[in-house]
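Below, each chain spelled out in residue letters.
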Amino acid sequence: MKGEPDLDGLSKTARDSKNKEHSIEVKSALKEMWSQFEQLLDGVNGIGDDDVESEPPFGEDISMDPSEKILIKGTAHEVAYDELARDDEDDDDDDDEVKNIVKKQRATLEEIEYPPVGELTDEELLAKEIYEQSKMILNSTKPDKRRGYELLEEAAKLGHPRARETLGYAKLIGDVVSQNITAAYELFKGLAAEGSPKGQMGLGFLYASGISVNSSQAKALVYYTFAALGGNPYAEMALGYRYWAGIGITSSCESALTYYRKVANYVAEEVSLSGGSAIQRIRLMDELENPGSASGFLENDLIQYYQFLAEKGDVQAQVGLGQLHYQGGRGVEQDHQRAMNYFMQAADAGNANAMAFLGKMHLEGSSVAKQNNETALKYFKKAAEMGNPVGQSGLGLMYLYGKGVEKDYSKAFKYFSQAAEQGWVDGQLQLGNMYFSGMGVRRDYKMAVKYFNLASQSGHVLAFYNLAQMHATGMGLIRSCHTATELFKNVAERGRWGEMLMEAHTDYRDGRISEALIKYMLLAEMGYEVAQSNAAFILDRGEVDQFSENETYGRAFLYWGRAAAQGYSIARVKLGDYHYYGQGTGVDYEAAASHYRLASEQQHNAQAMFNLGYMHEQGLGMKQDIHLAKRFYDMAAETSTDAQVPVAIALAKLAVLFGIKYVQEYNWNDFQLSLDGVLGPDWDLYLMTTLVFLLGIIVYFRRPAQ
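Residues numbered from 1 in each chain as written. Predicted model: local features only at pLDDT ≥ 70, side-chain atom pairs only at ≥ 80, totals over all residues. Heavy atoms only, no water.

So, the overall build of the protein chain
When its secondary structure is counted, the protein chain shows 34 helices and two strands. By residue count, 49% of the 706 residues in the protein chain fall in the buried class. Restricting the contact set of the protein chain to residue pairs at least 6 apart, pairs at least 24 apart contribute 57%. Of the accessible surface of the protein chain, which amounts to about 34,800 Å², a share of 50% is contributed by carbon and sulfur atoms. (Helix = DSSP H or I, 4+ residues; strand = E, 2+ residues; numbered from the N terminus. Buried < 20%, exposed > 50% of the residue type's maximum accessible area, 1.4 Å probe, protein only. Contact = heavy atoms within 4.5 Å. Areas by Shrake-Rupley, 256 points an atom, 1.4 Å probe, with all protein chains shown as cover.)

Right, here's the structure in full:
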């Protein structure tokens, strides 16, 4: 569905005409998708145990994992633990309520016109003015966020829809304003009733997670669907993930592909020459277990050290800091002004890399460096002449698109080839594009795939996107829905909303645990595996007091299950632990062993191997077998050096147990018969005499000196 039409500078007649045209487009899109949505509802109502237990996409067998089971009563969907299913006690009422929500949302979308036709009232004009002021403050280089959100609250009280949307999410995640999930729910509820996709998404999230309201997966699915119909990327990702993993609905690779492709299109359109801000995916568990390891953040002391070197004229430090501020990430905010300053210093010292990045900044244009093809060309040429791959790739771009020079595909190909030979990712990407489109070369899909794969190994978003398109359409490759969906999912997760991962991590480090948890839970709904495992980690440690102990473990069990289904081995081991100890589920040694076995066989997890060894040793959930126990202990030691000490202790214990068992099982009657045959029936007297003789010798030699 298209966004709001651009009405600036139009007369009232033209404005009204545009509004009507857009309203017709909205209604047409709604009618077109309504039949699909009714089919979706039929699928929800008809889903049964066989559907839930069916094999999910990508061949990941999680059918044995009850952490994600959906219990069906009538048409009401429940999560596998009671605390998240309180609203499903009366199934008929819940079913009727879902149907009423659908009817209301449909009626709202049919009647709504974007934007409303007619003049704004004085109150609406005032609300719009206040909202615009808040936007100016919040979008400034050094924003006064507190003042900006104060103005947002004023505009929201006057009913401004965008202000209410922004404020609703701010109250949900505790951004600047105090976290107040109940207030966020009221805002989302009002917005959803008016047809706001952001309000529908927020309400869907609350129903999906059972926060502030009783959990209802059916209601969540309805709100997500309408929000996605309105073009909300969060909702499109949430639906894509649900169809991909089969959560609350029968899994469908094609449906997942459709939703993820839409979001990937947004992300690909926004990718600039800089590639956008880098998104760090930091696991809280890794930080806990390896506190000395690099967490993805640069320590302030290290940054200050590099700044000191840069001020002293160290060119490499200047270039490094310039790149860090140019791209952002690792705990450093994107700051093109600082990047420009560092690059200028290094370029003046003759550094080719700095010249190339200055070329990129001028070619792309920003508030710091105005777009100027001549300046960009000058820097790219200098860098390319010095053999710099960034400069060569930049020069190739200018010849490819005819920016500041005449379009020349042969020269573009030459420069991209030189850059690609040195392993520069942009050169590889552009060569792939040229082979794919047949620009200046014969079209060759195999060569395009080769260079896209090379660029994807360096993590280039557009390389993943192009490969996804090829797999989705079967262009130059055998069509693969599963591979295409995985690639589109990868691209979608690199959107600007992924920055919330870093915000959540910062909140966690600052002790704002509740705020961090909600952000991770929101991203978990959108399919981020790291967010799922981090939400589970926080709940597992009992660091929030919003839920009872049983519910906390139940929720953690759910998120560990989702993370495990996406291939995170530690989450799979955690599921085994929860079954072993009965946390969030009943004690089930066989289920625990099956999870450990999956983690051991598929992901070669040393902890899982050790646990299997122990369970074989004790005979828990499987037949007791000391030989198999030793085999798994040995495998754990071979897989990880960290496991060698506990394995050595376990093997020593196993040897003692083996000795005791041997002694217990030995037939002492046979031993007695063999002694009778050698020493006669009085062998016990001989033995006692010998022992007394030995004792006498010991006493003689240990007697005190005279």
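Comments concerning the pattern of salt bridges
Under the definition given, this model contains 20 salt bridges. Lys 360 serves as the salt-bridge partner of Asp 426, at 3.6 Å between the closest nitrogen and oxygen. Taken together, the residues Asp 426 in helix H20 (residues 425-437) and Lys 360 in helix H16 (residues 352-364) connect sequence positions 66 residues apart. The two residues Asp 426 and Lys 360 agree in class, both being buried. A salt bridge links Asp 507 to Lys 519; the shortest N-O distance between them is 2.6 Å. Here the residue Asp 507 occupies a position in helix H24 (residues 499-509), and Lys 519 occupies one in helix H25 (residues 513-525), the gap between them amounting to 12 residues. The two residues Asp 507 and Lys 519 agree in class, both being buried. Each of the salt bridges in this network shares a partner with another, and the network as a whole consists of Glu 503, Asp 507, Arg 512, Glu 515 and Lys 519. (Salt bridge = Lys/Arg side-chain N within 4 Å of Asp/Glu carboxyl O.)

Description of the confidence of the model for the protein chain
Model confidence for the protein chain is summarised by a mean pLDDT of 81, while 76% of its residues fall at 70 or above. Scored below 50 in pLDDT, residues 44-91 shows 102 contacts in the model against residues more than four places distant or in partner chains. (pLDDT = per-residue confidence, 0-100.)

Some remarks on the state of the cysteines
What the rule picks out here adds up to one disulfide. Disulfide pairing is shown between Cys 253 and Cys 481; the S-S distance is 2.1 Å. Classification of the bridge connecting Cys 253 and Cys 481 rests on its S-S torsion, roughly -115°, and on that basis the disulfide is left-handed. Taken as a pair, Cys 253 in helix H11 (residues 253-270) and Cys 481 in helix H23 (residues 481-492) lie far apart in primary sequence, 228 residues in all. The exposure class of Cys 481 is buried, given its relative accessible area of 11%. (Disulfide = S-S within 2.5 Å.)

Some details on the environment of Asn 373
Tracing the backbone through its elements, the reader meets Asn 373 in helix H17 (residues 373-385). We classify Asn 373 as partly exposed; its relative accessible area is 23%. Sequence separation between Asn 373 and Gly 404 is 31 residues; the distance between their C-alpha atoms is 5.1 Å. Looking at Asn 373, its side chain comes within polar contact range of the side chain of Gln 371, at 2.7 Å. (Polar contact = N/O pair within 3.5 Å; in protein donor to acceptor, adjacent residues only side chain to side chain.)

Here we look at the packing of aromatic side chains
The description of an aromatic ring pair uses the distance of the two centres, along with the angle that the planes make with each other. According to the stated counting rule, one finds 19 aromatic pairs in the structure shown. For the ring pair Tyr 169 and Tyr 234, a centre distance of 6.5 Å and an interplane angle of 75° mean the geometry is edge-to-face. Highlighted residues: Tyr 169 in helix H6 (residues 161-173) and Tyr 234 in helix H10 (residues 233-245), separated in sequence by 65 residues. Tyr 169 sits in the buried class, given a relative accessible area of 14%. Judged by its relative accessible area of 19%, Tyr 234 is buried. Centroid distance Phe 413 to Tyr 435: 5.8 Å. Interplanar angle 80°. Geometry classified as edge-to-face. Pair noted here: Phe 413 is in helix H19 (residues 409-421) and Tyr 435 is in helix H20, with a separation of 22 residues, a long-range link. Assessed through its relative accessible area of 23%, Phe 413 is described here as partly exposed. (Phe/Tyr/Trp six-rings, centres within 6.5 Å; stacked < 30°, edge-to-face > 60°.)

A word on helix H14 (residues 315-327)
When the terminal C-alpha atoms of H14 are compared, their 18 Å separation across 13 residues agrees well with the 18 Å that a helix rising 1.5 Å per residue should span. Those residues of H14 not exposed but buried are Ala 317, Gln 318, Val 319, Leu 321, Gly 322, Leu 324, His 325 and Tyr 326. Structurally, H14 contributes buried residues whose contacts are with helix H13 (300-311), helix H15 (336-348) and H16. Backbone nitrogen of Gln 316 and a side-chain oxygen of the N-cap are separated by 3.1 Å at the start of H14; the cap is Asp 314. Residue Gly 328 follows H14 closely and has a positive phi angle near 75°. (Expected span 1.5 Å × (residues − 1).)

Observations regarding the nonpolar core
Grouped together as the largest cluster of nonpolar side chains are 120 residues, with contacts concentrated most on Leu 172, Met 201, Phe 205, Leu 206, Tyr 520, Ile 538 and Trp 560. Of all hydrophobic cores here, the second largest spans 17 residues; its members include Tyr 326, Met 361, Ala 383 and Val 390. (Core = buried A, V, L, I, M, F, W, Y, C linked by side-chain atoms within 4.5 Å.)

So, the packing of H16 against helix H18 (residues 389-401)
Remark: H16 packs on H18, axes separated minimally by 8 Å, with the N-to-C direction vectors making an angle of 30°. One element, H16, and the other, H18, form an angle in the roughly parallel class. The two elements H16 and H18 cross, and the hand of that crossing is left-handed. Note on element contacts: H18 touches H16 through Val 390, Gly 391, Leu 397 and Met 398, opposite Asn 353, Ala 356, Phe 357, Lys 360 and Leu 363. (Axes fitted to C-alpha atoms, helices over the stretch in contact; angles between N-to-C directions. Parallel < 35°, antiparallel > 145°, perpendicular 65-115°, else oblique. Left-handed = near helix turned anticlockwise from the far one by under 90°.)

A word on the packing of H20 against helix H22 (residues 461-473)
Where H20 contacts H22, the two axes come as close as 10 Å, and the packing angle between them is 25°. Here H20 is positioned roughly parallel relative to H22, judged by the angle of their axes. Seen from above, H20 lies across H22 with left-handed handedness. Side by side, H20 and H22 meet where Leu 429, Asn 433 and Phe 436 of the first sit next to Leu 462, Ala 463, Asn 466 and Met 470 of the second.

As for unusual backbone geometry
Even without glycine at this site, Val 176 takes up a positive phi of about 70°. As for its placement among the helices and strands, Val 176 is situated in the loop between H6 and helix H7 (181-193). In the Ramachandran plot, Ser 212 falls in the positive-phi region, its phi being about 75° despite a non-glycine side chain. Here Ser 212 is to be found in the loop between helix H8 (197-209) and helix H9 (217-229).

Concerning the side chain of Lys 489
If you trace the backbone, Lys 489 turns up in helix H23. Apart from the residues lying within four places of it in its own chain, the contact partners of Lys 489 are Tyr 241, Trp 244, Tyr 260, Gly 527 and Gln 566.

Quick look at the environment of Thr 225
Take Thr 225: it is sitting in helix H9. Taking C-alpha positions, Thr 225 is 8.8 Å from Gln 200, a pair spaced 25 residues apart along the chain.

Details of H7
Here H7 is 13 residues long and its end C-alpha atoms lie 18 Å apart, about the 18 Å a rise of 1.5 Å per residue gives. Those residues of H7 not exposed but buried are Ile 181, Ala 184, Tyr 185, Leu 187, Phe 188, Leu 191 and Ala 192. Mapping the buried residues of H7 onto a view down its axis gives an arc of 165°, with all of them on the same face. Phi turns positive, to about 90°, at Gly 195, one or two residues after H7. (Arc of directions from axis to C-beta.)

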